[in-house]
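Below, each chain spelled out in residue letters.
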Amino acid sequence: MQISGVRRRARGAVEWPTLGIAAGLYGAFGLLTRNHATLPWWVVMPIGAYLVCLHGSLQHEVVHGHPTRWGWGNAVVVFPSLWLWLPHSLYRNSHLAHHRDERLTDPLQDPESSYVTAERWAAMGPLHRAVRRAMMTVAGRLLLGPAYFVGQKALRVLRAIWSGDRAYLAHWPLHLLSVALVLGWVVGVCGIPFGEYVLLFAYPGLSLTLLRSFAEHRAADSPGHRTAVVESGPVFALMFLNNNLHVLHHVQPGIPWYALPGVYRQNRDRLLAGNGGYFFRGYREIFRRFLLRPRGSPVHPLAGSPG
């Protein structure tokens, strides 16, 4: 698809808006955690969740080569693991594999697919099936999703330890250092109990991240019709760093977050025609349609078929 309005970054250029977001994020996180004892939980939780989700969106920018041309420098920008659960290197590998659009949503090929194969579904127990069905609703995705995905990752680590999978385990030492850095500040300096940090920051922050990905892909015959657009307001757009304009991101993954809205406006009709009209007028519409109603079946109808 031909996209107009895309500018290449000058060699060696630093994307200052992204560094500004990072500086503001860490500053706000430091202030919130340092002063948490003077604030009620119902103030701390939404702000803490927002900041953790925003940090996840910043990690996404780094995966795609922002805000500098130096990979090591970009990794330093997101080194503290505010959401605690996933090594950045594992996220980078899975997300780049996810960008093979011809295999998008196929659970055999797309590591970020929300679907399972019919064979895996048949092998699941009743409770596991119930959880997967629930996570096809917004309520289930937000309430159960973080625990489910963290649990799945923990099982994967245990299997790697049991089998001696050194390649997989090699991702974790640096991640544990990044977690120790965050918890040293949160628990050691600010005096926030670990469980409280999980409940007020990490868990709801991951929930918001899972909200973004809830409806951004669907199973469809045409790869171009598998990726959504959510025309969000400024609060959610900033938290997701405009990744809600997801079809544009998949067409041109190198566009920095702050340039996405302008490019989207120039190409809106073309993008919506190209993605088969897979479009939502904000996250309010997603809540209205799918809060308790499943978005579809957890079983992928086309898994394993050619793109």
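Described in the following lines is the structure provided in the data block. Predicted model, so just to flag it, every value in this text is computed and none were measured. (Residues numbered from 1 in each chain as written. Predicted model: local features only at pLDDT ≥ 70, side-chain atom pairs only at ≥ 80, totals over all residues. Heavy atoms only, no water.)

Some words on the packing of aromatic side chains
One pass over the full model with this rule turns up 14 aromatic pairs. Ring centres 5.5 Å apart and planes at 65° place the aromatic pair Tyr278 and Phe280 in the edge-to-face group. Taken as a pair, Tyr278 and Phe280 share a single burial class, namely buried. Ring pairs connect the aromatic residues Phe214, Tyr278, Phe280 and Phe290, which therefore count as one cluster. Residue placement shows Arg218 over the ring face of Tyr278; its charged tip is 4.2 Å from the ring centre. Here Arg295 stacks its cationic end above the ring of Phe214, 5.4 Å away from the centre of that ring. (Phe/Tyr/Trp six-rings, centres within 6.5 Å; stacked < 30°, edge-to-face > 60°. Buried < 20%, exposed > 50% of the residue type's maximum accessible area, 1.4 Å probe, protein only. Lys NZ or Arg CZ within 6 Å of the ring centre and 35° of its normal.)

A closer look at the packing of helix 1 (residues 16-34) against helix 9 (residues 172-189)
In contact at an axis separation of 10 Å, helix 1 and helix 9 are set at 25° when each is read in the N-to-C sense. One element, helix 1, and the other, helix 9, form an angle in the roughly parallel class. Taken as a pair, helix 1 and helix 9 cross one another with a handedness that is right-handed. Taken together, the residues of helix 9 that come into contact with helix 1 (itself represented by Phe29, Gly30, Thr33 and Arg34) are Val182, Trp185, Val186 and Val189. Classifying every residue of the contact of helix 1 with helix 9 gives five nonpolar, two polar and one charged. (Axes fitted to C-alpha atoms, helices over the stretch in contact; angles between N-to-C directions. Helix = DSSP H or I, 4+ residues; strand = E, 2+ residues; numbered from the N terminus. Parallel < 35°, antiparallel > 145°, perpendicular 65-115°, else oblique. Left-handed = near helix turned anticlockwise from the far one by under 90°. Contact = heavy atoms within 4.5 Å. Nonpolar A, V, L, I, M, F, W, Y, C, P; charged D, E, K, R; others polar.)

Let's talk about the packing of helix 2 (residues 41-63) against helix 10 (residues 194-214)
A pair of packed helices is captured by two measures, namely the crossing angle of their axes and the spacing between those axes. At a minimum axis distance of 7 Å, the contact between helix 2 and helix 10 shows a crossing angle of 50°. Classified by the angle between their axes, helix 2 and helix 10 sit oblique to one another. Regarding helix 2 and helix 10, the two cross each other, and that crossing is right-handed. Taken together, the residues of helix 10 that come into contact with helix 2 (itself represented by Trp41, Val44, Met45, Gly48, Ala49, Tyr50, Val52 and Cys53) are Tyr197, Leu199, Leu200, Phe201, Ala202, Pro204, Gly205, Leu208 and Thr209.

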